Each structure stands twice: as structure tokens, then as C-alpha cells.
Amino acid sequence: MITVEKFFANLFNHPNISRRHLLGFAIDYLARLAKANTSHQYDVMIAYLTPLVAAFATEVGNEDIALNLRKTQTNTVDQTSYNFGNTMSSLEGVIAYTLGGKTSEGYMEFYPHGLSEYNHPTREAMPVLVNRINLITGKYATPLGSTIAGQLLAIGTSFNAARTAQVSTNADLAQSKIAISTNRLALELGMTKGLHELAAMYPGNIVACNGFVNFNLLYSFTQHQHDVHDGTLVAEGTVDVLNRTMTDTVSIEVSNNGTNAPFWVWLGATATDTNNLLAVKVMPGHTVVLKPSDIGGPEKTFLLIKNDSSVNAASYIVTIIG
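Here is a short report on the structure shown in this document. (Residues numbered from 1 in each chain as written. Predicted model: local features only at pLDDT ≥ 70, side-chain atom pairs only at ≥ 80, totals over all residues. Heavy atoms only, no water.)

1. Structural notes on unusual backbone geometry
Backbone geometry places His40, a non-glycine residue, at a positive phi of 60°. With respect to the helices and strands, His40 occurs in the loop between helix 2 (19-36) and helix 3 (43-60). A positive phi angle, close to 60°, is found at Glu236, a residue other than glycine. By the secondary structure assignment, Glu236 is in the loop between strand 1 (226-233) and strand 2 (238-243). (Helix = DSSP H or I, 4+ residues; strand = E, 2+ residues; numbered from the N terminus.)

2. Description of helix 3
The end-to-end C-alpha separation of helix 3 is 26 Å, in line with the 26 Å expected for 18 residues at 1.5 Å each. Along helix 3, the largest kink reaches about 25° and is centred on Leu49; proline Pro51 follows within four residues of it. Residues of helix 3 that are buried include every one of Met45, Ile46, Leu49, Leu52, Val53, Phe56 and Ala57, and no others. (Expected span 1.5 Å × (residues − 1). Bend = angle between axes of the 7 residues up to and from the residue. Buried < 20%, exposed > 50% of the residue type's maximum accessible area, 1.4 Å probe, protein only.)

3. Things to note about the side chain of Thr319
Its place among the elements puts Thr319 in strand 8 (residues 314-321). Given a relative accessible area of 2%, Thr319 falls into the buried group.

4. Examining the packing of aromatic side chains
One pair of aromatic rings is described through two measures. These are the centre distance and the angle between the planes. Going through the model one piece at a time under the given rule, you end up with seven aromatic pairs. Relative to Phe25, the ring of Phe12 has its centre 5.6 Å away and its plane inclined at 45°; by these criteria the two rings are tilted. With Phe12 in the loop between helix 1 (4-8) and helix 2 and Phe25 in helix 2, this pair connects stretches of sequence that are 13 residues apart. Neither residue differs from the other here; Phe12 and Phe25 are each classed as buried. (Phe/Tyr/Trp six-rings, centres within 6.5 Å; stacked < 30°, edge-to-face > 60°.)

5. Quick look at the nonpolar core
Core analysis: the largest hydrophobic core is formed by 26 residues, its most contacted members being Tyr29, Leu33, Leu187 and Met191. When residues of this core are traced back to their parent elements, those giving at least two are helix 2, helix 3 and helix 9 (182-201). With eight residues, the top contributor of residues to this core is helix 2. Not counting residues within four places of it along the chain, the set of residues in contact with Leu187 comprises Leu22, Ala26, Leu52, Val53 and Phe56. Ranked by size, the runner-up nonpolar core spans 21 residues in total, among them Met88, Ala96, Tyr111 and Leu129. (Core = buried A, V, L, I, M, F, W, Y, C linked by side-chain atoms within 4.5 Å. Contact = heavy atoms within 4.5 Å.)

Take a look at the structure:
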């Protein structure tokens with residue numbers, strides 16, 4: 001039933017939406033707007049909402065969230081760890097060749113437990129591994145050369161920056177009965193205004209609007225982890241979005257937020273696996289929700305996307321839930 005409240009009321013005035021959840025939703029919404037703002041079409045919205053979010057973040061007292069608001073383009077620690085593994089894998093052959101083979105002292109210092117140690121390193125292990133690479137790179141900087149040494153040292157720089165900017169994702173499930181503050185009310189009304197403006201830009205187009213919001217972030221009963229990856233693909237380009245073991249308890253939400261290029265998504269055994277018989281095609285402006293078994297199965301850990309257009313670039317948002 002159509003009611004006045006559904007259209008014109010404060011959309012976020014609900015007792016089950018905690019202060020922390022409202023702030024997390026608003027930050028996520030701002031980040032999605034900023035990422036999609038390639039033609040500056042959302043400049044006004046971003047400029048309007050940014051001070052409202054910042055003021056509420058200060059009130060809540062969560063410095064990590066406020067810092068993340070200012071650094072929406074910074075990689076998360078998890079993504080940096082994944083990049084770390086890729087770097088150590090891609091440079092393994094060069095390091096071995098430069099330092100005298102896989103039995104050489106230098107190689108063994110870099111890879112004392114083999115390459116597997118760098119695949120999916122834990123957050124606790126990352127500082128130790130990064131420190132090791134920094135020290136050993138300094139020791140062998142001359143034979144490695146400035147290019148290789150620079151790539152290795154950049155690992156530490158990226159990790160430290162990501163760790164500093166990372167937002168704690170542990171939601172506060174205790175719903176406190178605190179009166180609505182001036183800053184919260186301003187943010188609620190600002191977000192309501194922002195969603196109405198977004199809807200006006202894409203009237204009746206649920207797919208286009210859906211890529212900007214994750215309403216699961218608003219409620220404490222949704223305790224699934226959300227791991228978001230986005231990017232663009234050149235014509236006929238392929239990207240391995242992530243490398244992770246996933247069972248069917250995990251949902252894979254794939255959005256094509258481009259306008260001219262469809263793409264294929266599948267799970268591969270390697271980052272270059274072309275066995276895409278189970279690949280699913282996602283058209284521009286559409287979103288699909290998949291289980292791992294739909295596109296490859298739990299034994300295949302690389303999520304791959306290939307641009308199906310030979311002319312236009314493609315754009316994607318992938319959300320791993322669970």
C-alpha cells in the first residue's frame with residue numbers, strides 16, 4: 001500500500017538502526033558515490049553529505065571510521081595481504097634467478113617456508129612478514145636492483161597505510177536507547193534527501209540505484225561479513241578479483257555498473273584459468289547473486305571476470321557476503 005510515510009518520512013528514523021550502523025551505512029554510501037563519480041555527476045551529493053557524516057562520526061567518537069571516510073580509496077588490510085601474496089609469487093622466479101637459485105642462501109631468506117607462507121597471510125602474520133621482507137630486501141638491494149627492491153619495499157608501505165586506514169567491522173549489537181542528537185537527525189535527513197535525489201536521477205531503475213546502497217549494514221541481525229571489490233576492465237580484459245576458498249554458505253553479488261560492456265564471471269583454479277564453462281554473463285546495469293557452485297565450485301578459488309566487449313571498458317562491483 002502506498003502511504004505518505006513511505007515517500008516523505010525520515011527513512012532512517014527506526015529504533016533498530018543503531019548509531020554505529022547508521023554511520024557505517026552512510027560511509028559506505030559515500031564511498032560508492034565517490035567511486036562512481038567519474039563524470040562528477042555526484043559532486044553536489046558528496047559535498048552535501050560529507051560534513052554531515054564527519055560531524056556524526058566525531059560525535060560517535062569512532063576515530064577509525066572518521067579516518068576511513070577521509071581515505072575511501074585506501075586498500076583494506078585484507079586486500080593488501082592479497083596483493084602481498086601476488087607480489088611474492090610473481091617475483092619468486094626473479095629473486096631465485098638473481099640470488100643464485102632456489103637453494104641459495106638469499107632465496108631461502110626470502111622464502112624460508114616456501115611460497116605457501118605468503119598465500120593468504122593472517123593479519124597477525126602480516127607485520128612479521130612485512131618486516132622480514134624489508135630487512136632482507138635491504139640486505140640484497142644491490143643484486144636485486146632498484147626496480148625489484150622498490151616493489152618489495154612498497155609492500156610495507158602499502159600495508160602500513162592500509163592498516164592505519166582500516167575501519168573496524170565489528171558491529172555494536174547493543175542497541176542503546178539514546179535520544180536522537182542534532183548530528184544524527186541531520187545525517188538521517190541528509191541521507192533521506194540523498195536517496196531521493198539518487199532515485200530522481202534513475203526513476204524506476206532499481207538496478208542502477210541498488211549499486212549505491214547496502215541496506216544490510218543498517219541492522220545488527222545481519223552478521224555476515226561483506227567483502228567489496230570494484231574496478232574497471234579494458235576491452236576484452238580479464239581480472240582475478242580475489243583468491244579465496246568459498247562454500248555455498250557464501251553469496252557472491254556481482255553488479256555490472258557500466259553502460260556499454262557485458263562481462264563474464266566464473267571461478268577458476270588459477271588466476272589465468274580459461275575453463276569458464278560455468279561462467280555467468282552479467283549485462284550492463286544488472287546485478288546477479290550467485291553461489292560458488294553456480295560458477296565453479298569450492299575447489300576453484302580464483303574469482304575471474306572477463307570483459308565481453310572488444311570496444312568498450314567494463315565496470316564491476318563484487319560483494320562477497322559470508
